[in-house]
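The chain contents come next:
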4 protein chains.
Amino acid sequence: MRADVQRFSLKDPSDVSGLREAIDKSIIDPAKIVAVIGKTHGNGLVNDYTRGYLTLCLSQLIGARIEVPAEEVRRRVPFVFSGGVEGVLSPHYVVFTVDPNTTPTGEEKSLAVGVALTPELSPLDIGRQRQIDVTAEAVGQAMANAGIQNPDDVHFVQVKGPAFTLEDVVAAGAATCATDNPGKLMGFGRAASALGVAKALGEIPANLAMENAVLRNFRAYSSVASVSAGVEVRVNEIIVAGLSRTWSGPLTIAHRSMQDALDINSVIALAGDLGLSPAPQVSIAQARRIRAAFVKCEAQRDGTIRGRPHTMLNDGDIDQQRHIRGAVGAIVAAVLNDTALFVSGGAEHQGPDGGGLIAIIAEKARASNAVA
Amino acid sequence: MRADVQRFSLKDPSDVSGLREAIDKSIIDPAKIVAVIGKTHGNGLVNDYTRGYLTLCLSQLIGARIEVPAEEVRRRVPFVFSGGVEGVLSPHYVVFTVDPNTTPTGEEKSLAVGVALTPELSPLDIGRQRQIDVTAEAVGQAMANAGIQNPDDVHFVQVKGPAFTLEDVVAAGAATCATDNPGKLMGFGRAASALGVAKALGEIPANLAMENAVLRNFRAYSSVASVSAGVEVRVNEIIVAGLSRTWSGPLTIAHRSMQDALDINSVIALAGDLGLSPAPQVSIAQARRIRAAFVKCEAQRDGTIRGRPHTMLNDGDIDQQRHIRGAVGAIVAAVLNDTALFVSGGAEHQGPDGGGLIAIIAEKARASNAVA
Amino acid sequence: MRADVQRFSLKDPSDVSGLREAIDKSIIDPAKIVAVIGKTHGNGLVNDYTRGYLTLCLSQLIGARIEVPAEEVRRRVPFVFSGGVEGVLSPHYVVFTVDPNTTPTGEEKSLAVGVALTPELSPLDIGRQRQIDVTAEAVGQAMANAGIQNPDDVHFVQVKGPAFTLEDVVAAGAATCATDNPGKLMGFGRAASALGVAKALGEIPANLAMENAVLRNFRAYSSVASVSAGVEVRVNEIIVAGLSRTWSGPLTIAHRSMQDALDINSVIALAGDLGLSPAPQVSIAQARRIRAAFVKCEAQRDGTIRGRPHTMLNDGDIDQQRHIRGAVGAIVAAVLNDTALFVSGGAEHQGPDGGGLIAIIAEKARASNAVA
Amino acid sequence: MRADVQRFSLKDPSDVSGLREAIDKSIIDPAKIVAVIGKTHGNGLVNDYTRGYLTLCLSQLIGARIEVPAEEVRRRVPFVFSGGVEGVLSPHYVVFTVDPNTTPTGEEKSLAVGVALTPELSPLDIGRQRQIDVTAEAVGQAMANAGIQNPDDVHFVQVKGPAFTLEDVVAAGAATCATDNPGKLMGFGRAASALGVAKALGEIPANLAMENAVLRNFRAYSSVASVSAGVEVRVNEIIVAGLSRTWSGPLTIAHRSMQDALDINSVIALAGDLGLSPAPQVSIAQARRIRAAFVKCEAQRDGTIRGRPHTMLNDGDIDQQRHIRGAVGAIVAAVLNDTALFVSGGAEHQGPDGGGLIAIIAEKARASNAVA
């Protein structure tokens, strides 16, 4: 097994020219695509339709090339798009491919990828025990698909779950949902899904992976989960990325927790983990080794950062997620010398409270030496 | 002469409790206040009234203590407030005081501060030659007031000029203004004022300090100018901060240009200039030496940052200034370990195009050692 | 007793020139001011400081003229400002004065006004039984002050209650508040206060004026309550306006419920109640009789209006209150030929669900004839 | 010739279920579709991708049914979508079909529709003479296609022209474009296109249909033009709708100018022109006769409405177009008892300054009687 990861710039949410060209040039075999993760132009909130737009365009492109209906592509391949490219961030998407026909050397670990889907979720399931449990089960399947046994080898678990508009919530029975506010329901969904990941990986004891911890006990978290929600899906889609000796190839992955929004040191340490030498900015030459970076972050719930007040949670004009994505994204971009980052807000139970996750897929150090 | 700089947190735009307490405790002599610069809760655009609100409250407090009408305080003391505390930024204000009754040792340079005002400006003057010229003249006066002869000793020139609402523009004759768009007129005013600073300091030849360079020739810029505009003033208020052997005290100042929004290296280098040892984040103990930091920044005009597209200039929901303040503010905060930064957008002709200025006032290294 | 109501345009939130001139010209006796209600330039959400700014400026003006400290004026006089002048709406404020030294003819009812305040409320009280009960009590006091016995003679009860920032909520114990979301807590406060009004006026039975009806049972509502919340107050301020034979003067008041956002017919009917003849727009001459108009409205909770979907509750860029104020405000303005309307969102339990209240103070028909 | 117009609700920008069902039930023959106009969920500004998303989905549906590539459908059929359903407005689209195989009675005029396209326009053409002239020419072609000779029989000319992102503007040479601001360039394009319509219909003399009148001489306008701009087209697409005795069918069209944002009387008069009896609200039964309503509006340029200030042009948080669409849309909706209205901002040279256009397609009065 061998995983590859290619990143493409996105001029607008229908711009699939990057992948098209890569397919045309045989850089990517469309039949081997297992997942796509990206950052689109919308606001990243309930009424962001850029995620669905790109999903449609990519699934049609892939479907046309592998002669499968686009709907079928969407059922097979998780398309995980987060809207909101605030500040310096740049719209892009990352294509994961898996080639089963390779023989690993068994000497060193390489990037391993596995995907799985939960059954369909209704508005009533969001934030509830069922979402926790089916997510945990699907994470286990995705690990198995990736050939990873040891949870310590899992460095990134992306979950994309459903968001619902007010119309959906009303149809399902607003009073019986975890909340009748569509934006807040997205938060419940991210929280329960993250607890599901933590449960599957044994990061928290079973008695904390319960519905009553959702958005309440923030000491219960997963250090590798990254959860987004969008109106364009109805199941939790799971992508597990980690390391395995049964996989080969030039790529590796690592992750760290950011302790808070100013935790630049963890970003730098993570770059070092990958054999990069940030000073503190990664050089342009080394930055070319980065294939994808995934960041989760959130506005600190107590209204302060390192003792000083912030105003993100009181702002009626700009949503807190847009604020924090722009801020943390800039810090990570300044270190990595790269603005095409997947930075997603809403980090409930995904890393330490007020902090979050950063995971990077990069070419292994030797590969880099050869290039530089 | 001896300058002091104290920074206070701002709970809401009427919160003058910090200065009040400092006066009550004789930490600040209200009669010695020469300028106040700060960052308030509003959007930093035309309809931001938090700047005027804080100006009123501070001028009333100071007026009450020195037994002078608040209006008179406002005429004497520049109050330069920029709205917009996006992302991690924290609302605050910085009070500059000057004590004339001290004898400098003459051995080392210390922070020197001088202020001056231009005559009143009408909407018709904004972005025009008159604004350039009266600003240049006032900068010269402020330098003289600060006892600075050599332009190289000037590290920061804050200008606060007038903004006008549509009503003002219409009353003045919209067709004869540089633009009839109130938000865009703010940009013209910042640009002309910056060229005025550059002219005064000899940063650009006289033939570039002309109205026809305004918002056109971005190679003409000042590397120490920081210009804001607000509806609450009608003149250009000038604050010059630099270094002089005729001043004494524990404070120093330095500045650097940021070349673009990701130029974290210049922030770190500047911290080093001040004797701090960022690694790359300044330690909490060292961060206490920072008395104020001033940043100007802007969304790169060609729509890219280091070759990758950004979306700040196409966004109909969040103004480009709010985007870039949040991004650059976070990078600077991550290095300085300090979120109470004056970060202001609209850096037209204030530093390299797409980049901007960063200036820091800090306790001299020795003072820090004593503390640490 | 005789009530007068004067309305002034507001150029910016510190513009008190209208009242100042009226005092200078003896049109208004500042000692007789009992309440001020207005619409300011901010967003009307948690981080709207224009309400406090105008409160400060007006209280200082009045205090200076009656030789009482501004703080004391703010304790005596309710200043009820709602931010947000979306669409055609125009910033303004309405000054209520009461002259006790007049003898009513007893022949016809005239505008009667009474005010009262509750004790201070903490974040923990918001949305709770205590807020319902102290509001109900204060409404009773305000009616007594207005000399109104019959609840049917009450046409408008304005309540201004406290809003809290995240900092306040955290300090009070976020987990024990009705919600830890500052914006949502404003909704709880409006809801409980409205139920308090309904309880005082006997509009709902006592068993519905309970904490468990707050934001749950929307059939429980007051048809005359209008509730706003803002960070600048800590008590519920109550203004009761109605009709009484013990009052004299040229003014009258009437109200109607709007059944939904498109209920233009109720607006027209109300104009007719006041002796205006809308066709359907009130003529310019007749519009001069209007002294003040108060509207409460909200985005219909089921996401539809008359069977067609609206999108206000899914919008991450513009708050639902800003949407609905702009829409309903325009409809009322088109009928009344007047854009200086107090239109306030968040009509929880204030009129029928999805609809709201409209109350108008106008010169009695005869007075108008004399003028026209 | 016979024109039909069907309107469909839009759950999200990819929701083409309405048209699909109409095709499946043979209510609409997809081969006869000549134009689609609609209102989508986005912000209606430069970064609104919901227009392109719906265009893609509809063109694919139609293409699949008539066995033509979607790209070819987009070349043949104008898809004119305006983003922004502020306030009470409801997302929807209106499908125009033309059946050439009918024999008119010649007794009465019926709805006639014609379309035409200009050649491709570059950023450099926008707001310039070329855009005026090619638009005028295409309007003439569309009239000919509609069989309308007399300009008085033209009641609605929809133009959809290109918008460009900053990237496009920079590539074309920002300094040589009418403006380098993408949002402002949309205004230049709407203005020049409207002058092109006015030129074609003889509404203004040739010497006013000149580039130097664009955004300068607002007395030069078309009373039937409605112009939108979006990044998803590169030509000006023209749809002419009017009345002709050479067409048959149950539909008619009429239009009026709104003189300003409060001109409800013109809306009511127009409803009367169509045989509806607004009182002032059209009854539910009569409202069913309305097939489509098109409104152009804008924030009055002098910052006032009927003498009172508005704040739409100073707002840094909500674009002026979003404000005015929400306000004028609500007024029209309240009269028509219908919220699925095409309300579009940016009415430069489209109706009187500060006002705009309203055009309605409805079933003829007799048809209505039969129904009611």
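The rules behind these values
Residues numbered from 1 in each chain as written. Chains lettered and ligands numbered in written order. Predicted model: local features only at pLDDT ≥ 70, side-chain atom pairs only at ≥ 80, totals over all residues. Heavy atoms only, no water. Helix = DSSP H or I, 4+ residues; strand = E, 2+ residues; numbered from the N terminus. Rg over C-alpha atoms; globule rule 2.2 N^0.38 Å. Contact = heavy atoms within 4.5 Å. Phe/Tyr/Trp six-rings, centres within 6.5 Å; stacked < 30°, edge-to-face > 60°. Buried < 20%, exposed > 50% of the residue type's maximum accessible area, 1.4 Å probe, protein only. Lys NZ or Arg CZ within 6 Å of the ring centre and 35° of its normal. Expected span 1.5 Å × (residues − 1). Buried area = accessible area lost by both parts, 1.4 Å probe. Salt bridge = Lys/Arg side-chain N within 4 Å of Asp/Glu carboxyl O. Polar contact = N/O pair within 3.5 Å; in protein donor to acceptor, adjacent residues only side chain to side chain. Pairing = 2+ DSSP bridges. Axes fitted to C-alpha atoms, helices over the stretch in contact; angles between N-to-C directions. Left-handed = near helix turned anticlockwise from the far one by under 90°. Nonpolar A, V, L, I, M, F, W, Y, C, P; charged D, E, K, R; others polar. Least-squares fit on C-alpha atoms with pLDDT ≥ 70 in both. Core = buried A, V, L, I, M, F, W, Y, C linked by side-chain atoms within 4.5 Å. Lys, Arg positive; Asp, Glu negative; His and termini not counted. Parallel < 35°, antiparallel > 145°, perpendicular 65-115°, else oblique.

Q: Can you explain the overall build of chain A? Please cite residues and give values.
A: The helix and strand inventory of chain A stands at 10 helices and 14 strands. For 372 residues, the compact-globule estimate of 2.2 N^0.38 gives 21 Å, and chain A sits close to it at 19 Å. Taken along the three principal axes of its C-alpha coordinates, chain A extends 55 × 50 × 40 Å. Taking all contacts inside chain A whose residues are at least 6 apart in sequence as the whole, residues at least 24 apart take part in 81%.

Q: Hey, could you go over the packing of aromatic side chains for me, with residue numbers and the actual values?
A: This structure, assessed with the given rule, holds 22 aromatic pairs over all chains. With a centroid separation of 6.4 Å and an interplanar angle of 20°, the aromatic rings of F96(D) and F294(D) are classed as stacked. On the criterion of sequence distance, the pair formed by F96(D) in strand β4 (residues 92-99) and F294(D) in strand β10 (residues 290-297) is long-range, its members being 198 residues apart. For the pair shown, F96(D) and F294(D) are each scored as buried. Ring pairs connect the aromatic residues F96(A), F156(A), F294(A) and F342(A), which therefore count as one cluster. Directly above the ring of F218(B) sits R301(B), whose terminal nitrogen or CZ lies 3.6 Å from the centroid.

Q: Give me helix α9 (residues 320-336) of chain B: which residues, what numbers.
A: All names here are of chain B. For α9, with 17 residues, the first-to-last C-alpha span of 24 Å sits near the 24 Å given by 1.5 Å per residue. When you tally the buried positions in α9, you get 16 out of 17 residues, the bulk of the element. Phi turns positive, to about 60°, at N337, one or two residues after α9.

Q: I'd love a proper account of the environment of I360(D), names of residues and values included.
A: Residues and elements named next belong to chain D. Counting through the fold element by element, I360 comes out in strand β14 (residues 356-363). Judged by relative accessible area, I360 falls into the buried class, the value being 0%. Distance from I360 to A271, taken between C-alpha atoms, is 8.1 Å for residues 89 residues apart in sequence.

Q: So, the interface of chain A and chain B: which residues are in play, and what are the values?
A: Facing 40 residues of chain A, the contacting portion of chain B comprises 40 residues. Overall, the association of chain A and chain B removes approximately 3100 Å² of surface from exposure, summing both partners, and the carbon and sulfur fraction of that is 60%. For the pair chain A and chain B, the number of links is 4 salt bridges. Applying the counting criterion to the chain A and chain B interface returns 14 residue pairs in polar contact (both at pLDDT 80 or more). Among the secondary structure elements, those contributing two or more residues to the side of chain A that touches chain B are β1 (2-9), α7 (264-273), β12 (308-309) and α9 (320-336) of chain A.

Q: Any chance you could break down the sheet that holds strand β3 (residues 79-83) of chain C for me, citing the residues and the numbers?
A: Residue and element names in this part refer to chain C. Pairing in this open sheet of 4 strands is mixed, and the strands run β1-β4-β2-β3 from one edge to the other. The open sheet has two edge strands, β1 (2-9) and β3, and neither has a second partner. Pairwise comparison of adjacent strand axes, ignoring direction, gives a mean angle of 10° for this sheet. Here strand β2 (residues 33-40) runs beside strand β4 (residues 92-99); their pairing, made up of 6 bridges, is antiparallel.

Q: Lay out helix α6 (residues 182-200) of chain B in plain terms, naming residues and giving numbers.
A: It helps to recall that an α-helix has 3.6 residues per turn; residues three or four apart then point in one direction. Residue and element names in this part refer to chain B. If you check α6, its first and last C-alpha atoms are 27 Å apart, about what 19 residues at 1.5 Å a residue would give, namely 27 Å. Most of α6 is tucked away: 15 of the 19 residues are buried. In this structure N181 caps α6, since a side-chain oxygen of it lies 2.9 Å from the backbone nitrogen of G183. Directly beyond the C-terminal end of α6, a positive phi value near 70° is found at G202.

Q: Now, about the packing of helix α7 (residues 264-273) of chain B against α9(B): what can you tell me, with residues and values included?
A: Packed helices, taken two at a time, are described by the angle their axes make and the gap between the axes. Residues and elements named next belong to chain B. Remark: α7 packs on α9, axes separated minimally by 10 Å, with the N-to-C direction vectors making an angle of 35°. α7 and α9 meet at a crossing whose hand is right-handed. Only I331, V332 and V335 of α9 make contact with α7, whose side of the interface consists of I264, V267 and I268. The residue inventory of the contact of α7 with α9, partitioned by class, reads 6 nonpolar, no polar and no charged.

Q: A description of the sheet that holds strand β13 (residues 342-345) of chain D should follow, citing residues and the corresponding values.
A: Residue and element names in this part refer to chain D. On the basis of which strands lie adjacent, the open sheet formed by 4 strands has the order β9-β14-β10-β13 and mixed pairing. With partners counted over all chains shown, the strands left at the sheet margins are β9 (251-258) and β13, one partner each. The average undirected angle you get between the axes of adjacent strands in this sheet is 10°. Sheet analysis places β9 next to β14, joined by 8 bridges and oriented antiparallel. Each residue of the ladder has a partner; that of L251, found in β14, is E363.

Q: Which residues make up the interface of chain C and chain D, and what are the values?
A: At the interface, 40 residues of chain C touch 40 residues of chain D. Of the roughly 3100 Å² buried between chain C and chain D on both sides combined, carbon and sulfur atoms contribute 60%. Sorting the residues of chain C by area buried against chain D places V88(C), L262(C) and R308(C) first, and these three jointly supply 17% of that buried surface. In this structure, the connection of chain C to chain D is made through 4 salt bridges. Our enumeration of links across chain C and chain D arrives at 14 residue pairs in polar contact (both at pLDDT 80 or more). Among the elements of the structure, β1, α7 (264-273), β12 (308-309) and α9 (320-336) of chain C are those that each provide at least two residues to the side of chain C that touches chain D. With 8 residues, α9(C) is the single largest residue contributor to the side of chain C that touches chain D. Tallied by class, the residues present in the side of chain C that touches chain D amount to 20 nonpolar, 12 polar and 8 charged.

Q: For the relation of the copies chain A and chain B, give the residues involved together with the corresponding values.
A: When chain A is fitted onto chain B, the two copies agree to an RMSD of 0.0 Å after a turn of 180° and an axial shift of 0.0 Å. The transformation just described matches what one would write down for a two-fold rotation axis. A shared interface surface links the copies, since 100% of the contact residues of chain A are contact residues in chain B too.

Q: Please provide a residue-by-residue account of the nonpolar core, values included.
A: V332(C), L336(C), I360(C), V332(D), L336(D) and I360(D) are the most contacted members of the largest nonpolar core, which has 78 residues in total. Listed in part, the 76 residues of the second largest apolar core include I360(A), A261(B), V295(B) and I360(B).

Q: I'd like to hear about the pattern of salt bridges, residue by residue, with values.
A: Residues and elements named next belong to chain A. Following the criterion strictly, the structure yields 101 salt bridges over all chains and no others. Between D273 and R256 there is a salt bridge, with its nearest N and O atoms 2.8 Å apart. A residue pair is termed long-range when its members are at least 10 positions apart, and D273 in helix α7 and R256 in strand β9 (residues 251-258) qualify at 17 residues. The exposure class assigned to R256 is partly exposed, which follows from its relative accessible area of 32%.

Q: Outline the environment of A287(B), listing residues and values.
A: Relative to the assigned elements, A287(B) resides in helix α8 (residues 284-287). In this view, A287(B) contacts V282(B), L336(B) and N337(B); residues no more than four positions away in its chain are not counted.

Q: Explain the environment of G161(A) to me, using residue names and the numbers behind them.
A: Residues and elements named next belong to chain A. Within the fold, G161 resides in strand β6 (residues 154-162). With a relative accessible area of 4%, G161 lands in the buried category. In this structure G161 touches S228, A229, G230, V233, V235 and N236, once residues within four positions along its chain are discounted.

Q: Lay out the side chain of D48(B) with the relevant residues and their values.
A: Secondary-structure assignment places D48(B) in the loop between β2 (33-40) and α2 (50-66). Notably, D48(B) is buried but unbridged: the nearest opposite-charge side chain belongs to R51(B), and the N-O separation is 4.1 Å.

Q: How would you summarise unusual backbone geometry if you had to cite specific residues and measurements?
A: A cis amide bond, omega -10°, links A279(C) with the succeeding residue P280(C). Mapped onto the elements, P280(C) comes out in the loop between α7 and α8 (284-287). With phi around 60°, S26(B) is a residue other than glycine that occupies positive phi space. With respect to the secondary-structure elements, S26(B) resides in the loop between α1 (17-24) and β2. Phi angles above zero are rare outside glycine, and E67(B) is one such case at about 55°. By secondary structure assignment, the location of E67(B) is in the loop between α2 and α3 (70-76).

Q: Tell me about the packing of helix α1 (residues 17-24) of chain C against helix α2 (residues 50-66) of chain C, and please be specific about residues and values.
A: Residues and elements named next belong to chain C. The interhelical angle for the contact between α1 and α2, taken along N-to-C directions, is 15°, at an axis separation of 10 Å. Classified by the interaxial angle, the pair formed by α1 and α2 is roughly parallel. Our pair here, α1 against α2, has a crossing hand that is right-handed. Residue-level inspection shows L19, R20, I23 and D24 of α1 in contact with α2, the latter providing L58, L61, I62 and R65. Residue composition of the contact of α1 with α2, by class: 5 nonpolar, no polar and 3 charged.

Q: Go over the relation of the copies chain C and chain D, please, and point to the residues and values.
A: Take chain C, turn it by 180°, move it 0.0 Å along the axis, and it overlays chain D with an RMSD of 0.0 Å. Comparing contact sets, 100% of the residues at the interface of chain C also lie at the interface in chain D, consistent with an isologous, same-surface contact.

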